[in-house]
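Examining the three-dimensional arrangement
As a plain string of letters, each chain reads:
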Amino acid sequence: MIETKEAQFEARIERGEKIEAGDWMPEAYRKQLIRMISQHAHSEIVGMLPEGKWIPHAPSLHRKLVLMAKVQDEAGHGQYLYHAAESLGITRDEMTRALLAGRAKYASVFNYPTDNWADVGMIGWLVDGAAIKNQTMLAHCSYGPYSRAMVRICSEETFHFKQGKEMIVQYATEGTDDQKAQVQDSLNRWWWPTLMMFGPHDAESKNTPQLVKWGIKTKTNDELRQEFVDETVPELQAIGLTLPDPDLRYDDESGHWIFGEIDWDEFWRVVKGDGPLNAERLESRQNAYNDGAWVREAAAGFAERQQEMVAV
Ligand code: 3HC
């Protein structure tokens, strides 16, 4: 019996082979990857905005330099990921237009405001920590270009995570009363939006079954969220912080931290565009797209001229 292409593809996934850009793949596999990778890339670029705002207000030259390096890294992560998505046959312009038209998403966590300097540290510890949890999993993804982009991104995210954690630990243990209050206020505002980064519960996660079947995800949303909570809660409590979750308790039998229910109405409201800063974030991306039009035209004109010269 002649094996169908899909059967051959799935056997490759079974064997743990990497699918590369020129390989045959089901159209649904390609579309899922474009959806996920472009959303990931958009998240990296939009993710520059909440922290970028604080670069001019950093409390020291050292903190300014560290934050500048981190925000620049995020821009680079966006480029890696847009390139990985382009290997699937979509252009950068198509991805950007999809974002600006509301047809593509980015991580909802970046629609929340950064109200104080401690947010910079808390984003590093929580948001980048959650991203590392997710991205370490994606480094095993069946699509070669995505998994390789994750290896480089995870190594840089580890610096982002460590600088944020170091700042929060310092303020929470050695800081002034005002700094300690800022850190607790920051945790209160960033804890739940961070848990939302892992996506809906598995039972409501419409994409997970197919993504797991094809080896794009090797763990589910709830598995990664639970790992993150189990690792992070004891560390936050150890520096005297209180988690904003009255239902949080340690379960000896399972060895897990049981946490309260996420406000899924808030999650979907923000995902669907009605978050604190959704409009501002998209306006910022639209302005950047408009301001960059001359660069795109110049690059296209140069490429055209090069073609003409080659043709002569
Ligand atoms: N924010 C916005 N949309 C979200 C979301 C979130 N946190 N979680 C889920 N969604 C959307 C999904 O995109 C999907 O909508 P779509 O089908 O229209 O795209 C819908 O909600 C249903 O969710 P699913 O669980 O079915 O979707 P996935 O299986 O794709 O899981 C995900 C969601 C876990 C975010 C997964 O897409 C993923 O792992 N993406 C790659 C990693 C990524 O994008 N991370 C974003 C953070 S990057 C970052 O933090 C940068 C760092 O430097 C700080």
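Quick caveat: nothing in here was measured; it's all calculated off a predicted structure. (Residues numbered from 1 in each chain as written. Predicted model: local features only at pLDDT ≥ 70, side-chain atom pairs only at ≥ 80, totals over all residues. Heavy atoms only, no water.)

Here the focus is the overall build of the protein. Broken down by element type, the protein carries 13 helices and two strands. On C-alpha atoms alone, the protein measures out to a radius of gyration of 21 Å, which is about the 20 Å that the 2.2 N^0.38 rule sets for 312 residues. Taking the principal axes of its C-alpha atoms as reference, the protein extends roughly 70 × 55 × 35 Å. When contacts within the protein are restricted to residue pairs at least 6 apart in sequence, long-range pairs at least 24 apart make up 78% of them. Placing the 34 positive and 49 negative side-chain charges of the protein at their respective mean positions leaves the two points 5 Å apart. (Helix = DSSP H or I, 4+ residues; strand = E, 2+ residues; numbered from the N terminus. Rg over C-alpha atoms; globule rule 2.2 N^0.38 Å. Contact = heavy atoms within 4.5 Å. Lys, Arg positive; Asp, Glu negative; His and termini not counted. Charge placed at Lys NZ, Arg CZ, Asp CG, Glu CD.)

Let us now look at the site of the ligand. Of all residues adjacent to the ligand, which total 34 residues, the nearest are Glu 74, Lys 105, Glu 157, Ser 205 and Lys 206. One of the side-chain nitrogen or oxygen atoms of Glu 44 is found 3.1 Å away from an oxygen atom of the ligand. Contact with the protein chains removes 94% of the 1000 Å² of surface that the ligand exposes when unbound. Residue assignment for the shell around the ligand shows that the elements contributing at least two residues are helix H2 (27–46), helix H6 (118–138), helix H7 (144–174), helix H9 (208–213) and helix H11 (264–271). Along the lines of polarity and charge, the residues of the shell around the ligand split into 16 nonpolar, 10 polar and eight charged. (Near = heavy atom within 4 Å. Polar contact = N/O pair within 3.5 Å; in protein donor to acceptor, adjacent residues only side chain to side chain. Areas by Shrake-Rupley, 256 points an atom, 1.4 Å probe, with all protein chains shown as cover. Nonpolar A, V, L, I, M, F, W, Y, C, P; charged D, E, K, R; others polar.)

To continue, consider the side chain of Ser 108. Secondary-structure assignment places Ser 108 in the loop between helix H5 (92–100) and H6. For Ser 108, a relative accessible area of 7% puts it in the buried group. Sequence-distant contacts of Ser 108, defined by excluding residues within four places in its chain, comprise Phe 267, Val 270 and Val 271. (Buried < 20%, exposed > 50% of the residue type's maximum accessible area, 1.4 Å probe, protein only.)

With that settled, the discussion passes to the pattern of salt bridges. Enumeration according to the criterion identifies 23 salt bridges in this entry. Salt-bridge contacts for Lys 70 lead to Asp 128; the nearest nitrogen and oxygen are separated by 3.1 Å. Residue Lys 70 is found in helix H4 (residues 61–86), and its partner Asp 128 is found in helix H6; the two are separated by 58 residues along the sequence. A single burial state applies to Lys 70 and to Asp 128, both of which are buried. Glu 235 serves as the salt-bridge partner of Lys 165, at 2.9 Å between the closest nitrogen and oxygen. Placement of the pair is Lys 165 in helix H7 and Glu 235 in helix H10 (residues 221–238), with a sequence separation of 70 residues. On the basis of relative accessibility, which here comes to 32%, the residue Glu 235 falls in the partly exposed class. Salt bridges sharing common partners tie together Arg 12, Arg 15, Glu 17 and Asp 23. (Salt bridge = Lys/Arg side-chain N within 4 Å of Asp/Glu carboxyl O.)

The next point concerns the nonpolar core. Counting residues in hydrophobic clusters, the biggest one holds 77 residues, and the most contacted among them are Tyr 29, Leu 33, Ile 37, Leu 126, Tyr 143, Tyr 146 and Trp 191. In terms of residues, this core owes the most to one element, H6, which gives 10 residues. With near-sequence residues (within four places) excluded, Ile 37 lies in contact with Leu 81, Ala 84, Ala 85, Leu 88, Tyr 143 and Tyr 146. (Core = buried A, V, L, I, M, F, W, Y, C linked by side-chain atoms within 4.5 Å.)

Our next topic: a nonpolar patch on the surface. Taken together, the side chains of Leu 61, Leu 65 and Met 68 present a nonpolar region at the surface, about 290 Å² in accessible area. You can see Met 68 is positioned in helix H4. Judged by its relative accessible area of 32%, Met 68 falls in the partly exposed class. (Patch = residues over 30% accessible without salt bridge, like charges linked within 9 Å, V, L, I, M, F, W, Y side chains within 5 Å.)

Moving on: the packing of H2 against H4. Two numbers describe how H2 lies on H4: the axes approach to 8 Å, and their chain directions differ by 160°. Considering the angle they form, H2 stands roughly antiparallel to H4. You can see that H2 and H4 cross each other, and the crossing is left-handed. In this structure, H2 uses Ile 37, Ser 38, His 40, Ala 41, His 42, Glu 44 and Ile 45 to contact H4, whose residues at the interface are Glu 74, Ala 75, His 77, Gly 78, Gln 79, Leu 81, Tyr 82, Ala 84 and Ala 85. Here the residues of the contact of H2 with H4 sort into eight nonpolar, six polar and two charged. (Axes fitted to C-alpha atoms, helices over the stretch in contact; angles between N-to-C directions. Parallel < 35°, antiparallel > 145°, perpendicular 65-115°, else oblique. Left-handed = near helix turned anticlockwise from the far one by under 90°.)

What follows deals with the packing of aromatic side chains. Here the structure, examined in full by the defined rule, presents 10 aromatic pairs. Measuring from ring centre to ring centre gives 6.0 Å for Phe 9 and Trp 214, while their planes differ by 85°; the resulting arrangement is edge-to-face. Here Phe 9 is found in helix H1 (residues 5–14), whereas its partner Trp 214 is found in the loop between H9 and H10, with 205 residues between them in sequence. Judged by relative accessible area, which is 2%, Phe 9 ranks as buried. Between Trp 264 and Phe 267 the ring centres are 5.2 Å apart and the planes differ by 80°, which places this aromatic pair in the edge-to-face class. (Phe/Tyr/Trp six-rings, centres within 6.5 Å; stacked < 30°, edge-to-face > 60°.)

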